[in-house]
Structures are given as structure tokens and as C-alpha cells.
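A structural walkthrough
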Amino acid sequence: LRIIQHRAGPWILAAAALAVYLSNGRCLSTRDALPARYLPMTLLQEGNLDYDEYFKDSTATLPYGFVRSGGHVRTIYPLLPGLVAVPVYAAGLPFVRGHPEAPIVLEKITASLLAAGSVLFVALTLRRITAPVLALGLAAVYAFGTSVWVVASQALWQHTPSIFFAAMGLWMLAGDRGGRLAGWPAGLALGLAVLARPTNIVMAPAWAWLA
């Protein structure tokens, strides 16, 4: 009980969530996450944001999520999920370079880190508005009883960075209503949540009300 009530509780929960998210040792197979999986690779290795090196046959049918535009292969999805993964890929590539599943491994690590990060911000936010024990319990439900575990943490979907930035923004709003953090920092975090998944714009009125 003391651990739960201690300020370290949210961090311990987030670390536990990260361990659980990574424990199956595999990445959820989905075509929707392919653009985000390979964007950091092409950016770090080719210095651009196209996927030409993966689709050299100009007559081949492209997988869903990719299009040919201006002589290059690009994605129809937002770029932010892939861009957010760049630091993880940059740090991890030296250790998995040459491994045939390197992008998949790094995608899974990125997704799990972002999902666990959202758990941390949810727990920190709840601590600001309710009792520590209840806050950690509700955050645990969020971490292990929702699609955050079974979906968002298992591949680099659009909503994976989306929930991270949304949770960060709400944490800022909950702790500093009308203050400095509730201004442009919270706006930036919530704006990034929309850039990651544009349909999040429907939550903008609620976010504005909280500010």
C-alpha cells in the first residue's frame, strides 16, 4: 500500500506495463503499420521520406497504405508515427543491424514505449484529481484492461503515439489549469495527438474546455 501511495507508483506501473507489453516478444502483424515501421529506416539510411528502395518494381501493385506520387512511393498515412520512432531506431539499429527483422523489433519496442508512456501520464493525471490508490487502480485498468495492451502497444499504429501525446497533454491540463503548462505546451502535445491520428480533432472541444 505504501508503494502504491508513494510518488513512484505511476513510474512502477508504467515499468510493469512496458515489461508486459514486450513480454510476448513479437510485433502484431498489420499492414496499417507498415509505413510507420519503415519510415525511420528510410529516413536514417536514405535521408528521405519515400519508400522507393522497398518497391523498385514500378509495375508492381503496392500494399495498402502506399501510393506512387511524383515518381516516388509514399504513404497515405500521417508521417508522425514513423517520425516519433526515429530516436528509438537510431539508438537500436547498431545492435540489430543486419537482422532480417530489425524494423519489426524496433517497431515493437517503440510501440511498447509509447503505450507505457501513456500509462505513466494517465496515472500521473489521475493522481492529481483523485486518491493515490484509486488513481493507480484506474491507471492499471487503462494499462491492462483496454486495447492499449492488446493493440496499441503491439504495433506502430496511428493511435499508438496518439494516446501518448493525448495523455501527456491531459496531464499538463490537469496540473496547471489556466497556467503556463495549460497553454502552448499542452496545445503542442494535443496537437501532436491530432497529427498522429487526425480523427482526434473531434476531441478538441473537450480539450479546449479543460484548458
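Structural data are supplied above this passage.
An account of the accompanying structure is given in this report.

Rules used throughout
- Residues numbered from 1 in each chain as written.
- Predicted model: local features only at pLDDT ≥ 70, side-chain atom pairs only at ≥ 80, totals over all residues.
- Heavy atoms only, no water.
- Axes fitted to C-alpha atoms, helices over the stretch in contact; angles between N-to-C directions.
- Helix = DSSP H or I, 4+ residues; strand = E, 2+ residues; numbered from the N terminus.
- Parallel < 35°, antiparallel > 145°, perpendicular 65-115°, else oblique.
- Left-handed = near helix turned anticlockwise from the far one by under 90°.
- Contact = heavy atoms within 4.5 Å.
- Nonpolar A, V, L, I, M, F, W, Y, C, P; charged D, E, K, R; others polar.
- Phe/Tyr/Trp six-rings, centres within 6.5 Å; stacked < 30°, edge-to-face > 60°.
- Buried < 20%, exposed > 50% of the residue type's maximum accessible area, 1.4 Å probe, protein only.
- Core = buried A, V, L, I, M, F, W, Y, C linked by side-chain atoms within 4.5 Å.

Moving on: the packing of helix 9 (residues 159-175) against helix 10 (residues 184-196). The N-to-C vectors of helix 9 and helix 10 enclose an angle of 160 degrees; their axes lie 8 Å apart at closest approach. Overall, the two elements helix 9 and helix 10 adopt an arrangement that is roughly antiparallel. Of the two elements, helix 9 crosses helix 10, and the hand of that crossing is left-handed. Contacts from Pro-161, Ser-162, Phe-165, Ala-166, Met-168, Gly-169, Leu-170, Met-172 and Leu-173 of helix 9 reach helix 10 at Pro-185, Ala-186, Ala-189, Leu-190, Leu-192, Ala-193 and Ala-196. For the contact of helix 9 with helix 10, a count of residues per class yields 14 nonpolar, 2 polar and no charged.

Counted by the stated rule, this structure contains 9 aromatic pairs. Their ring planes at 80 degrees and their centres at 5.0 Å tell us that Tyr-51 and Phe-66 sit as a pair that is edge-to-face. Placement of Tyr-51 in the loop between helix 3 (34-46) and strand 1 (66-69) and of Phe-66 in strand 1 is noted, with a sequence separation of 15 residues between them. In this structure Tyr-51 comes out as buried when scored by relative accessible area, which is 1%. Given a relative accessible area of 7%, Phe-66 falls into the buried group. Both rings, one in Phe-164 and one in Phe-165, keep their centres 5.2 Å apart while their planes meet at 75 degrees; by these two values the pair is edge-to-face. Neither Phe-164 nor Phe-165 differs from the other in exposure class; each is buried. Aromatic ring contacts, followed pair by pair, group Phe-121, Phe-164, Phe-165 and Trp-171 into a single cluster.

Here the focus is the nonpolar core. Among the nonpolar cores identified, the biggest contains 45 residues, and Tyr-21 and Val-119 are the most heavily contacted of them. When contributions to this core are tallied by element, the ones reaching two or more residues are helix 2 (9-22), helix 3, helix 5 (86-96), helix 6 (102-129), helix 7 (132-144), helix 9 and helix 10. Here this core takes 13 residues from helix 6, the largest share from any one element. Ignoring anything within four residues of it in the chain, the contact list for Tyr-21 reads Lys-108, Ser-112, Ala-115, Ala-116, Val-119, Ala-143, Val-148, Trp-149, Ser-153 and Gln-154. Core analysis: the second largest hydrophobic core is formed by 6 residues, Leu-39, Tyr-51, Phe-66 and Val-73 among them.

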